[in-house]
Amino acid sequence: MLVKATPPNDVLADYLSEELQPGSGAAERLLALVQEFRTGRTGTWEVPGDCYSVELTPARASIRTEHAIPGRTLHLPLEDFAEAVRSWLDFVALSRASAS
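The rules we used
Residues numbered from 1 in each chain as written. Predicted model: local features only at pLDDT ≥ 70, side-chain atom pairs only at ≥ 80, totals over all residues. Heavy atoms only, no water. Helix = DSSP H or I, 4+ residues; strand = E, 2+ residues; numbered from the N terminus. Buried < 20%, exposed > 50% of the residue type's maximum accessible area, 1.4 Å probe, protein only. Contact = heavy atoms within 4.5 Å. Areas by Shrake-Rupley, 256 points an atom, 1.4 Å probe, with all protein chains shown as cover. Pairing = 2+ DSSP bridges. Axes fitted to C-alpha atoms, helices over the stretch in contact; angles between N-to-C directions. Parallel < 35°, antiparallel > 145°, perpendicular 65-115°, else oblique. Left-handed = near helix turned anticlockwise from the far one by under 90°. Nonpolar A, V, L, I, M, F, W, Y, C, P; charged D, E, K, R; others polar. Core = buried A, V, L, I, M, F, W, Y, C linked by side-chain atoms within 4.5 Å.

Turning next to the overall build of the chain. When you go through the chain residue by residue, the secondary structure sums to three helices and four strands. Each helix (α) and strand (β) of the chain, taken in turn from the N terminus, gives the series α-α-β-β-β-β-α. For the chain, the residues scored as buried account for 38% of the 100 residues in total. Partitioning the contacts of the chain with sequence separation of at least 6, the portion at a separation of at least 24 is 40%. For the chain, the accessible surface area stands at approximately 5700 Å², while carbon and sulfur atoms represent 56% of it.

What follows is about the sheet that holds strand β2 (residues 52-56). Strand order in the open sheet formed by four strands is β1-β2-β3-β4, and the pairing between neighbours is antiparallel. Each edge of the sheet is formed by a strand with only one pairing partner; in this case those strands are β1 (45-48) and β4 (73-77). For this sheet the average axis-to-axis angle between neighbouring strands, irrespective of direction, equals 15°. Here β2 pairs with strand β3 (residues 60-65) via five bridges, running antiparallel.

Orientation of helix α2 (residues 26-38) relative to helix α3 (residues 78-99), taken along the N-to-C sense of each, is 155°, at an axis distance of 10 Å. Here α2 is positioned roughly antiparallel relative to α3, judged by the angle of their axes. Taken as a pair, α2 and α3 cross one another with a handedness that is left-handed. Contact with α2, carried on its side by Ala-27, Glu-28, Leu-30, Leu-31, Val-34, Phe-37 and Arg-38, involves Leu-78, Glu-79, Phe-81, Ala-82, Val-85, Arg-86 and Leu-89 of α3 and no other residues of that element. Residues of the contact of α2 with α3, tallied by class, amount to ten nonpolar, no polar and four charged.

Relative to β2, β1 is paired through four bridges, and the arrangement is antiparallel. Its bridge partner being in β2, Glu-46 is matched across the sheet by Glu-55.

Core analysis: the biggest nonpolar cluster contains 27 residues, and Tyr-15, Leu-20, Leu-56 and Phe-81 have the highest contact counts within it. If you list the elements that add at least two residues to this core, you get α1 (9-19), α2, β2, β3, β4 and α3. Excluding anything up to four places from it in sequence, Leu-20 contacts Tyr-15, Ala-26, Ala-27, Leu-30, Val-85 and Trp-88.

Bringing α1 into the picture now. Of all the eleven residues making up α1, nine are buried; the element is thus mostly covered by neighbouring parts of the structure. Regarding α1, the residues found buried are Asp-10, Val-11, Leu-12, Ala-13, Asp-14, Tyr-15, Leu-16, Ser-17 and Glu-19. Buried residues along α1 sit against α2, β2, β3, β4 and α3.

Have a look at this one:
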């Protein structure tokens, strides 16, 4: 699934479409980690991917890429990142429903 967006949202769009493949469970696992931070987890957590990595802290998510868009990083408040992941899951579910 290809999703295009203009900078700086291109990093987020590419991350969602390339790293959170439908049916992989990656988005659900990521949302579970975000929930852990909301309920008191401290420190940082690095979530590596094929082209992108995400660093989660209690305050924010930082999406980094060295391959797809070299040197680009996007910082989002943790809640905004979680909302983007939830919206991605909704989009994928809607796309699957309309395809059947």
